[in-house]
Amino acid sequence: MRDSIFALATAPGRAAVAVLRLSGPEAGDAVRALAGRLPPAREARLRRLRGPDGAALDEALVLWTPGPGSYTGEDAAELHLHGGSATVDAVSEALLALGLRLAEPGEFTRRAFEAGKLDLAQAEAIADLVDAESEGQRRQALAQLGGALGRRYGAWREALLEALANLEAAIDFPDEELPADVAARAGAPLAVLEAELAEALSGAERGERVRDGYRIAIIGAPNAGKSSLLNRLLAREAAIVTATPGTTRDVIEAPLLIGGFKVLLADTAGIRAATDEVEEEGVRRARAWAEGAAGRLWVVDSSTSDGAWRLASDAVRAGDLLLLNKSDRPAGADASSATAFASGMGVKVLALSATTGEGLEAVHDAVHRRVGEDLSGGEFPAATRARHRTRLEEALARVRRALAALERPELAAEDLRLAGRALGRISGRIDPEDVLGRIFASFCIGK
Ligand code: GDP
């Protein structure tokens, strides 16, 4: 028999209400022990909760959701307590005394997954919804919860199975015309599938960028005005006020909301020829962050003529934006030489004064447009996590191998089976215990 578990489903700390969630075969007995009797299923009732010694613990709203119609598929309940920590502690102690144990992170959703209530991608969507800070993240997670990701992969798996059936027929009933026949019947749909997977993969980073944040690096030589620009943009935008783990000492990441999307704007350490090892490491990290970013704002001091802009120029990519800063001062030779470099690379140029704010509006508009264009898309992205993208890459590689080996149907069929397996792992139940464990461990407790 399974353990019965419980956890605080609301955030810890002082609050009007705190919700304790219970699930497992002993949930009903626990509610009876605390509240006297079970309320009717799925109807909230106000009950006085008592501990094992009969002492009153709280007046609580009790919700009883018997399995299999509950979130976890098991007998489950919610206790809506007064939100003080002493109350939560007292009721938790009573539940422990009744033999329930504290849930691990994500254990409720794990049970829902195991009961077949959700596929793996939907379970991940629940975690993403809990973490969503932007409208873009919320919309994407909700669509994924609705099965958007599972449907895409389901259609691909079906196409794979059809091609596989053709190949298997060829293996089972070999005759002389076979090679041409197989190539005609399995080859054409497989080529379509290959093209679809390749296209999906090329746009796969959109989903990850919505989920993790769209990264924009501010790069440039020291003193170009990078920090001044960051401060200007932060003042202009509604900043998301959460700490970002992974922020390094050398790269300052500021989360913002731009056009409903989460954007991570980073002020990278000034890129220059490093003078010592510590600084060298800082510059290396700045460069790595800037290279992995979706876009770069390249700040150049337009009033100088020393050519310092060249230091950061190798980090610039087509589609980035060159900001000729300090436009309030007379232009130096660097303004025209950096502009010439940028126009040769397909980099748009804007004049700016981070001091006076002149030109800031145009910078802001350009950033908005770029984020919106990159992250909006008609179709649901093929991946919202690196885990999905890896599986997609694996499936594409297998389909390509199968296409190249169609004259040997046994080999091609094996590749297609493995391709199907890779796609199935996105939403399926076929991963080993430790892989699933890792996925659910990233959830919060009580989910
Ligand atoms: P960073 O090293 O690239 O982050 O540059 P900072 O933002 O720290 O700016 C370096 C210096 O340039 C500071 O003294 C700023 O006040 C000054 N500065 C930045 N932007 C402008 C600007 O648009 N006009 C003028 N005149 N000075 C600026």
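In this report, we go over the structure that sits alongside the text.

What counts as what
Residues numbered from 1 in each chain as written. Predicted model: local features only at pLDDT ≥ 70, side-chain atom pairs only at ≥ 80, totals over all residues. Heavy atoms only, no water. Helix = DSSP H or I, 4+ residues; strand = E, 2+ residues; numbered from the N terminus. Buried < 20%, exposed > 50% of the residue type's maximum accessible area, 1.4 Å probe, protein only. Contact = heavy atoms within 4.5 Å. Areas by Shrake-Rupley, 256 points an atom, 1.4 Å probe, with all protein chains shown as cover. Salt bridge = Lys/Arg side-chain N within 4 Å of Asp/Glu carboxyl O. Pairing = 2+ DSSP bridges. Near = heavy atom within 4 Å. Polar contact = N/O pair within 3.5 Å; in protein donor to acceptor, adjacent residues only side chain to side chain. Nonpolar A, V, L, I, M, F, W, Y, C, P; charged D, E, K, R; others polar. Axes fitted to C-alpha atoms, helices over the stretch in contact; angles between N-to-C directions. Parallel < 35°, antiparallel > 145°, perpendicular 65-115°, else oblique. Left-handed = near helix turned anticlockwise from the far one by under 90°.

### Digging into the overall build of the protein chain
So, point 1. A tally of helices and strands in the protein chain yields 16 helices and 12 strands.
So, point 2. Counting the 447 residues in the protein chain, one finds 47% classified as buried.
So, point 3. Taking contacts inside the protein chain between residues at least 6 apart in sequence as the whole, the part at least 24 apart equals 69%.
So, point 4. Carbon and sulfur atoms make up 53% of the accessible area of the protein chain, which amounts to about 20800 Å² in all.

### Section: the pattern of salt bridges
So, point 1. Applying the stated rule across the entire model yields 32 salt bridges.
So, point 2. Where salt bridges share partners, they join R2, D3, E74, R101, E107, R110, R111 and E114 into one cluster.

### Structural notes on the sheet that holds strand β1 (residues 5-8)
So, point 1. Spatial ordering of the open sheet is given by β3-β4-β5-β2-β1-β6, a layout of six strands whose pairing is mixed. The open sheet has two free edges, formed respectively by β3 (45-50) and β6 (101-102), since each of these has just one partner strand.
So, point 2. Here strand β4 (residues 56-65) runs beside strand β5 (residues 76-82); their pairing, made up of five bridges, is antiparallel. Paired with L63 across the strands is E78, a residue of β5.

### Quick notes on the site of the ligand
So, point 1. The environment of the ligand is formed by 15 residues, the closest being N223, K226, S227, S228 and D328.
So, point 2. Between the ligand and the protein, one listed contact pairs an oxygen atom with a side-chain N or O atom of K226 at 2.8 Å.
So, point 3. One of the side-chain nitrogen or oxygen atoms of S228 is found 2.5 Å away from an oxygen atom of the ligand.
So, point 4. Summarising the interface, the protein chains cover 71% of the accessible area of the ligand, which totals 570 Å² for the free molecule.
So, point 5. Partitioned by chemical class, the residues of the shell around the ligand number four nonpolar, seven polar and four charged.

### So, the sheet that holds strand β12 (residues 348-351)
So, point 1. Here we have six strands laid out as an open sheet, ordered β8-β9-β7-β10-β11-β12, and mixed in their pairing. Because the sheet does not close on itself, it has two edges, and the strands there are β8 (251-258) and β12. Neighbour-to-neighbour, the strand axes of this sheet turn through a mean angle of 25 degrees, independent of strand direction.
So, point 2. Note: strand β10 (residues 295-301) against strand β11 (residues 321-325), five bridges, orientation parallel. Following the sheet pairing, L297 is matched in β11 by L321.

### Section: the packing of helix α4 (residues 120-131) against helix α5 (residues 135-145)
So, point 1. Between α4 and α5, the shortest axis-to-axis distance is 8 Å and the interhelical angle comes to 155 degrees. Regarding the angle of α4 to α5, the classification is roughly antiparallel. Crossing of α4 against α5: the hand is left-handed. Counting all contacts with α4, which are made through A121, Q122, E124, A125, I126, D128 and L129, the residues of α5 involved are R138, A141, L142, Q144 and L145.
So, point 2. Of the residues that constitute the contact of α4 with α5, the class distribution is seven nonpolar, two polar and three charged.

### A few points about the packing of helix α14 (residues 386-404) against helix α15 (residues 409-427)
When two helices pack together, their arrangement is given by the angle between their axes and by how far apart the axes lie.
So, point 1. Their axes nearest at 8 Å, the elements α14 and α15 cross at an angle of 165 degrees. Considered as vectors, α14 and α15 are oriented roughly antiparallel to each other. Like other packed secondary-structure pairs, α14 and α15 cross with a definite hand, here left-handed. Contact with α14, carried on its side by R387, H388, R391, L392, E394, A395, R398, V399, R401 and A402, involves A412, D415, L416, L418, A419, A422, L423, R425 and I426 of α15 and no other residues of that element.

### Focus on the environment of R215
So, point 1. Along the chain, R215 turns up in strand β7 (residues 214-219).
So, point 2. Judged by relative accessible area, R215 falls into the partly exposed class, the value being 27%.
So, point 3. Look past the residues within four positions of R215 in its chain and what remains in contact with it is L264, W289, G292, A293, A294 and G295.

### Considering unusual backbone geometry
So, point 1. In this model, G67 is joined to P68 through a cis peptide bond whose omega is 0 degrees.
So, point 2. Inspection of the secondary structure assignment puts P68 in the loop between β4 and β5.
So, point 3. Located in the positive-phi region is N223, a residue other than glycine, with phi close to 75 degrees.
So, point 4. The residue N223 is located in the loop between β7 and α9 (226-236) in this model.
So, point 5. We classify N223 as exposed; its relative accessible area is 66%.
So, point 6. One non-glycine residue, K326, lies in positive phi territory at about 65 degrees.
So, point 7. Assessed through its relative accessible area of 18%, K326 is described here as buried.

### Notes on the pairing of strand β2 (residues 17-23)
So, point 1. The element β2 is extensively covered by neighbouring structure, given that six of its seven residues are classed as buried.
So, point 2. Across four bridges, β1 lies against β2 in antiparallel orientation. When the sheet's bridge partners are listed, L8 is paired in β2 with L20.
So, point 3. In the sheet, β2 pairs with β5 via seven bridges, with the strands oriented antiparallel. When the sheet's bridge partners are listed, R21 is paired in β5 with E78.

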